[in-house]
Amino acid sequence: MSNSYECILTEVVGTGERKTGLIRLNRPKQLNALNDMLMDELGQALLAFDADEGIGCIVLTGSERAFAAGADIPTMAPHNFMSAFKSGLISKNWETILRVRKPVIGAVAGFALGGGCELAMMCDFLIAADSAKFGQPEIKLGIIPGAGGTQRLPRAVGKSKAMDMLLTARMMDATEAERAGLVSRVVPADQLMTEALAAAEAINGFSAPSTMLIKELVNLSFQGALSDGVAVERRYFHALFGSEDQREGMGAFLEKRAPKFQHR
Ligand code: DAK
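This report concerns the structure included in the present document. (Residues numbered from 1 in each chain as written. Predicted model: local features only at pLDDT ≥ 70, side-chain atom pairs only at ≥ 80, totals over all residues. Heavy atoms only, no water.)

**Remarks on the nonpolar core**
- Ranked by size, the top nonpolar core spans 47 residues in total, and within it Leu25, Leu60 and Phe134 carry the most contacts.
- The biggest single contributor to this core is helix H1 (residues 36-51), with 6 residues.
- Core analysis: the second largest hydrophobic core is formed by 16 residues, Val13, Cys57, Val59 and Ala129 among them. (Core = buried A, V, L, I, M, F, W, Y, C linked by side-chain atoms within 4.5 Å. Buried < 20%, exposed > 50% of the residue type's maximum accessible area, 1.4 Å probe, protein only. Helix = DSSP H or I, 4+ residues; strand = E, 2+ residues; numbered from the N terminus.)

**Quick look at the site of the ligand**
- Near the ligand, the surroundings consist of 26 residues, among which Arg65, Ala69, Ala71, Ile73 and Gly115 are the closest.
- Within the contact set of the ligand, a nitrogen atom lies 2.9 Å away from a backbone nitrogen or oxygen of Ala69.
- At 2.8 Å, a backbone N or O of Gly115 approaches an oxygen atom of the ligand.
- Bound to the protein, the ligand loses 64% of the 1,100 Å² it would expose on its own.
- Counting residues per element, the ones that place at least two in the shell around the ligand are helix H2 (73-76), strand S6 (111-113) and helix H4 (115-122).
- Each residue belonging to the shell around the ligand can be placed in one class, and the counts come to 15 nonpolar, 6 polar and 5 charged. (Near = heavy atom within 4 Å. Polar contact = N/O pair within 3.5 Å; in protein donor to acceptor, adjacent residues only side chain to side chain. Areas by Shrake-Rupley, 256 points an atom, 1.4 Å probe, with all protein chains shown as cover. Nonpolar A, V, L, I, M, F, W, Y, C, P; charged D, E, K, R; others polar.)

**Details of a nonpolar patch on the surface**
- A surface patch of nonpolar side chains, amounting to about 250 Å² of accessible area, comprises Ile73, Leu141 and Ile143.
- Residue Leu141 is classed as partly exposed on the basis of its relative accessible area, which comes to 47%. (Patch = residues over 30% accessible without salt bridge, like charges linked within 9 Å, V, L, I, M, F, W, Y side chains within 5 Å. Salt bridge = Lys/Arg side-chain N within 4 Å of Asp/Glu carboxyl O.)

**A few points about helix H8 (residues 192-204)**
- Spanning 13 residues, H8 covers 18 Å between terminal C-alpha atoms, matching the ideal 18 Å at 1.5 Å per step.
- Restricting attention to buried positions, one finds in H8 the residues Leu192, Met193, Ala196, Ala199, Ala200, Ile203 and Asn204. End-on view of H8: buried residues confined to an arc of 145 degrees, all on one side of the axis.
- Residues of H8 that are buried sit in contact with strand S2 (19-25), strand S3 (55-61), strand S5 (104-108), strand S7 (125-129), strand S10 (185-187) and helix H9 (208-220). (Expected span 1.5 Å × (residues − 1). Arc of directions from axis to C-beta. Contact = heavy atoms within 4.5 Å.)

**A few points about the sheet that holds S6**
- Strands sit in the order S4-S6-S8-S9 across an open sheet of 4 strands; the sheet is mixed. Two strands lie at the open edges of the sheet, namely strand S4 (66-68) and strand S9 (172-173), each paired on one side alone.
- With 3 bridges connecting them, S6 and strand S8 (residues 133-135) associate as parallel partners. Within S8, the position partnered with Ala112 by the bridge is Phe134. (Pairing = 2+ DSSP bridges.)

**Description of the side chain of Glu41**
- Following the sequence through the fold, Glu41 ends up in helix H1.
- One buried charged residue, Glu41, forms no salt bridge at all, with the nearest opposite charge on Arg27 at 8.7 Å.
- In contact with Glu41, other than residues within four places in its own chain, are Tyr5, Glu6, Cys7 and Ile8. (Lys, Arg positive; Asp, Glu negative; His and termini not counted.)

**Some details on the packing of aromatic side chains**
- As enumerated under the stated definition, the model contains 2 aromatic pairs in all.
- For the ring pair Phe237 and Phe241, a centre distance of 5.2 Å and an interplane angle of 65 degrees mean the geometry is edge-to-face. (Phe/Tyr/Trp six-rings, centres within 6.5 Å; stacked < 30°, edge-to-face > 60°.)

**Concerning the sheet that holds S7**
- Taken together, 6 strands build an open sheet; the order of strands is S1-S2-S3-S5-S7-S10 and the sheet is mixed. Each of the sheet's edge strands pairs with one partner strand only, and the pair in question is strand S1 (8-13) and S10. Direction aside, the axes of adjacent strands within the sheet are offset by 20 degrees on average.
- Relative to S5, S3 runs parallel, the two being bridged by 4 bridges. Within the sheet, the bridge partner assigned to Val59 lies in S5 and is Ile105. (Axes fitted to C-alpha atoms, helices over the stretch in contact; angles between N-to-C directions.)

Structure follows, in C-alpha cells:
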C-alpha cells in the first residue's frame, strides 16, 4: 500500500475494468485514534478516489486490532468550552465521507469506538470481522458523541439498544451488531478483506449511475418522508431509461449474455 500519507495507507486493487480504492487507517500505536491529520488525509483520499473514473467503489478499513478507537483523546483533553466552540473542535473533515457519491464499504475488525463507530456508521454498509467491537463510550469521558452517534446509532439498531450502548458505554460484539442490523455480514477475521474486496468487485461490475443513485436514494430514505423518497426514486428510475447501461443491461438479459456496462 502507498505511503504518501502519514496516518493512512491507500491502494488501488482489483482485476476488473473498474477497480476498488482501498483506504487503511494507520495509527497503530494509538489504535487508529482519529486526529486532525488522519481526518484531513482520509478526506483527501476519499475525494480523490471519488473523482477517479477508474474506481467504482471504496473500502475503508483499519487494523486487526482496531478500526478506530475514537477521536484522539489527548487532542481533545485540554479544551474548554470557549476554545472548543471557537475552534469548532475536530469538526474539520469529519463529514467529508458523506460527500462521496460512490459506495463506501466499511471493513471493521477490532475496536470501532466513539468517533470510530461514528465513522463506520457513515459508510454505506459494514462487513465485520468476528473480532469487531462497536461502542459509544464517550459517557465514560464525561462527554457525549459529537459526530452523529446519538442520531445514527438509533436509526441502525433501534432506540433501546442505542440508549443501552450510549448510556452504559457497553460494547457490542460482531454477532450482536449483525443481529441488530448495524453490520450487514460477519466473517472470520482472516477473511475480512477478501470478503470486503469481493463485495467491492461485485459493485465495480455494475453500472456506475445505478450504484450512485441507489446510494443517494437509500440515504434519502433516512432523511425525509417515505412518500418524498419514493417519488424521487420513481423519477430516477425513469431517468435511467435514458442511459446506455439500461439498454445494455436489458439487451444482455434478453440475448442471454453478460452485460458490458459503460457507466453512462
Ligand atoms: N485516543 C488516543 N489514544 C488512544 C485512544 C483514543 N481514543 N484509544 C486508545 N488509545 C491509545 C492508548 O492510550 C494506548 O496508548 P499507549 O498508552 O500505549 O501510548 C494505546 O492506544 C493502546 O490502548 P490500551 O493500552 O488502552 O489498549 P487496551 O486494549 O487495554 O484497550 C481500548 C483498548 C480501545 C478499550 C481503550 O484504549 C479505550 O477505551 N480507548 C478509548 C476509547 C474511547 O473512549 N473512545 C471515544 C473517544 S471520544 C466530533 C467528532 C468525533 C468525536 C467528537 C466530536 N466532531 C466532529 C465535533 C469523537 C469523540 C470520541 O471518539
